[in-house]
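# Commentary on secondary and tertiary structure
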Amino acid sequence: MKKFFALLLSVVMVLGLLAGCGSKDANKDNGEKKLTVGLALTGINSNAVFIDMRKDIEKRCNDAGYKLITADIEGGASKIVTALENFINAGCDIIILQNSAEEACADLLKQAVDKGIIVASYDYKSDIAQYACICSNYEVGKVIGQEMGKFVNEHEGSGKVAICSYSALDFLVERERGMRDGFAEVCPTGEIVMAQDAGFANEGVPAGENFLQAIPDIQGVMGINDGGVLGVYEAFKAAGKSFAKDGIALVGCDASADGLAALKEGDMFYCTIDLDLVNQVSQMYERCVKAALTGEIDESMACVTYPVNPLHQADVQ
């Protein structure tokens, strides 16, 4: 009897080991590899739309049990190089990067791809990354300027406008150029009086104060994104300005959560340009995940262009 129980115990242990091995193989076959993702954006914790992007990717990673490493690359090439080095050393399977300095970091990008890392370039075309999501910043800027011009044409006022610019990044300089051309095209009698760098809300507040001091009869402010314009909005409200009383309109870009909330207030925040940014980057993330798990790149989606759609107050009520 003792021999029988000993034999039975041995059989149970062997079956248990076989079941465990089968479970591991099944997990492997099902592609349940736990990925590590690197996400690098300019102002990832301070820029309204990049915060929305980060939160969305965080949720997707948490739901899948993946590790997410983030980096703020405000400051340009040196920060990008450091972020890439950290991502590679951390064993990232995916890197999503606001790729504003490919020349400076080309060797690291090639190193990442050679290691089998799936690299996605946000905002910029890339000769190295497997995926990219881009827009024509000049054309986006033109739409911003055209919306500002339409407002000035349709409402009485001084026609004097200011710009929240951002000269540190070439693609936003190009966007500003489009804004100026779009405004002049639609509203040739209007005047862009001044511009000040303001890509974040904390920069927009002093910019707004400066605009009011320099242009007491200002009719509008347009910006390269929502962040800086939202800061201007706060400064204008603090100064007692309103659309009903002063006829001032603010035009932003990105359709960030904060921008949409400001639109719903129905006051000076008049328009934002929806590039479907969060959704587009999320879709790019999902393409990267599929590629990391299967080893297959979807060449038909290698470079995707953002849609460009103006949103007004009536569109979000």
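Per chain, residue numbering runs from 1 following the sequence as it is written. This being a predicted model, a pLDDT of at least 70 is required before a residue's local features are given, and a value of 80 or more before pairs of side-chain atoms are given or counted; all residues contribute to the totals for chains, interfaces and linings. With hydrogens and water stripped out, all remaining heavy atoms of the structure feed into the side-chain values.

A separate point is the packing of aromatic side chains. Aromatic pairs are defined between Phe, Tyr and Trp rings, using the six-membered ring for Trp, whenever the two ring centres lie within 6.5 Å; interplanar angles under 30 degrees are classed as stacked, those over 60 as edge-to-face, and all others as tilted. For the coordinates displayed, the defined rule picks out seven aromatic pairs. Note on tyrosine 124 and phenylalanine 171: the rings are 5.3 Å apart at their centroids and 85 degrees apart in plane angle, and the pair reads as edge-to-face. Remark: phenylalanine 171 occurs in helix H6 (residues 170-186) and tyrosine 124 occurs in the loop between strand S4 (118-122) and strand S5 (131-134); sequence separation between them is 47 residues. Each residue is placed in one exposure class: buried if its accessible area under a 1.4 Å probe, protein chains only, is under 20% of its type's maximum, exposed if it is over 50%, and partly exposed if it falls in between. The buried category is assigned to tyrosine 124, whose relative accessible area is 17%. In this structure an aromatic cluster arises from ring pairing among Phe50, Tyr122 and Tyr306. It is lysine 237 that lies over the ring of tyrosine 233; its NZ or CZ is 4.3 Å from the centre. Secondary structure elements are taken from DSSP: a helix is a run of H or I of four residues or more, a strand is a run of E of two residues or more, and numbering for both begins at the N terminus. Put simply, a charge is over a ring when the Lys NZ or the Arg CZ is close to the ring centre, within 6 Å, and near the line of the ring normal, within 35 degrees.

Once that is clear, we can look at the environment of proline 216. Looking at the secondary structure, you find proline 216 in the loop between helix H7 (201-214) and strand S8 (220-223). Under the relative-accessibility criterion, proline 216 is labelled exposed at 61%. Remark: the alpha-carbon pair of proline 216 and cysteine 135, spanning 81 residues in sequence, is separated by 35 Å.

Points on a 1 Å grid, built from protein atoms alone, make a cavity when a 1.4 Å probe fits but cannot get out and make a pocket when they are open with protein on both sides within 12 Å along at least 5 of 7 lines; residues with an atom within 4 Å of a point are the lining residues. Grid points are joined across faces, edges and corners, and a volume is the space filled by probe spheres set on the points. Within this structure, the stated rule accounts for one cavity of 30 Å³ or more. Empty space within the largest cavity amounts to approximately 170 Å³. Broken down by secondary-structure element, the contributors of at least two residues to the lining of the largest cavity are helix H2 (48-64) and H6. Gly is put with the polar residues, along with every residue not named as nonpolar or charged; the nonpolar set is Ala, Val, Leu, Ile, Met, Phe, Trp, Tyr, Cys and Pro, and the charged set is Asp, Glu, Lys and Arg. The residue makeup of the lining of the largest cavity, split by class, is eleven nonpolar, five polar and three charged.

Two strands are counted as paired when DSSP detects at least two bridges linking them. Taken together, six strands build an open sheet; the order of strands is S2-S1-S3-S4-S5-S11 and the sheet is parallel. Two strands in the sheet have a free side with no partner beyond their single neighbour: strand S2 (67-72) and strand S11 (303-305). Each adjacent strand pair in this sheet contributes to an overall mean axis angle of 15 degrees, direction not counted. In this structure, S5 lies alongside S11, joined through three bridges in parallel fashion. Only C-alpha atoms enter the line fits that serve as axes; for helices the fit covers just the stretch in contact. Angles between N-to-C directions range over 0 to 180 degrees.

Between the first and last residue of a helix there are one fewer steps than residues, each counted as 1.5 Å, and that sum is the expected span. Between its first and last C-alpha, helix H8 (residues 226-238) extends 18 Å over 13 residues, near the 18 Å set by a 1.5 Å rise per residue. For H8, the complete set of buried residues consists of Asp226, Gly227, Gly228, Val229, Leu230, Gly231, Val232, Tyr233, Ala235 and Phe236. Only heavy atoms enter the contact rule, under which two residues are in contact if any of them lie within 4.5 Å. Elements that come into contact with the buried residues of H8 comprise strand S6 (160-165), H7, S8, strand S9 (249-251), helix H10 (257-264) and strand S10 (269-274). For H8, the N-terminal capping position is held by asparagine 225, with its side-chain oxygen 3.2 Å away from the main-chain nitrogen of glycine 227. Phi for glycine 240, located one or two positions after H8, is positive at around 85 degrees. In the analysis that follows, any N or O atom pair within 3.5 Å is treated as a polar contact, provided that within protein one partner can donate a hydrogen and the other can accept it, and provided that, for residues neighboring in sequence, both atoms belong to side chains.

Looking now at the sheet that holds S10. The strand order across the open sheet built from six strands is S7-S6-S8-S9-S10-S12, with neighbouring strands paired in mixed fashion. A strand with exactly one partner marks an edge of an open sheet, and here the two such strands are strand S7 (191-197) and strand S12 (309-312). Across the sheet, the mean angle from the axis of one strand to that of its neighbour is 20 degrees, orientation sign disregarded. Pairing of S9 with S10 involves two bridges; the strand directions are parallel. By the bridge assignment, leucine 250 is partnered in S10 with phenylalanine 269. H10 contacts S10 and S12 of the sheet and is inclined by roughly 145 degrees relative to S10.

Right, let's get into the confidence of the model for the protein. When pLDDT drops low, the exact placement of atoms in the prediction is not to be read closely. Confidence per residue, as judged by the predictor, is encoded in pLDDT with a range of 0 to 100. In the predicted model, the protein carries a mean pLDDT of 90, and 90% of its residues have values of at least 70. Here residues 1-30 is modelled with pLDDT under 50, and outside its nearest four sequence neighbours on either side it reaches one contact, counting other chains as well.

This part covers H2. In an α-helix there are 3.6 residues to a turn, and that puts residues three or four apart on one side. Across its 17 residues, H2 extends 25 Å between first and last C-alpha, which sits within 8% of the 24 Å expected from 1.5 Å per residue. Looking at H2, one finds that the buried residues are Ala48, Val49, Phe50, Ile51, Asp52, Met53, Arg54, Ile57 and Cys61. Tucked into the core, H2 has its buried residues touching strand S1 (36-41), S2, strand S3 (94-98), S4, H10 and helix H11 (277-294). The residue sitting at the N-terminus of H2 and contributing the capping side-chain oxygen is asparagine 47; that oxygen lies 3.2 Å from the backbone nitrogen of valine 49. Downstream of H2 by one or two residues, glycine 65 has phi in the positive range, about 75 degrees.

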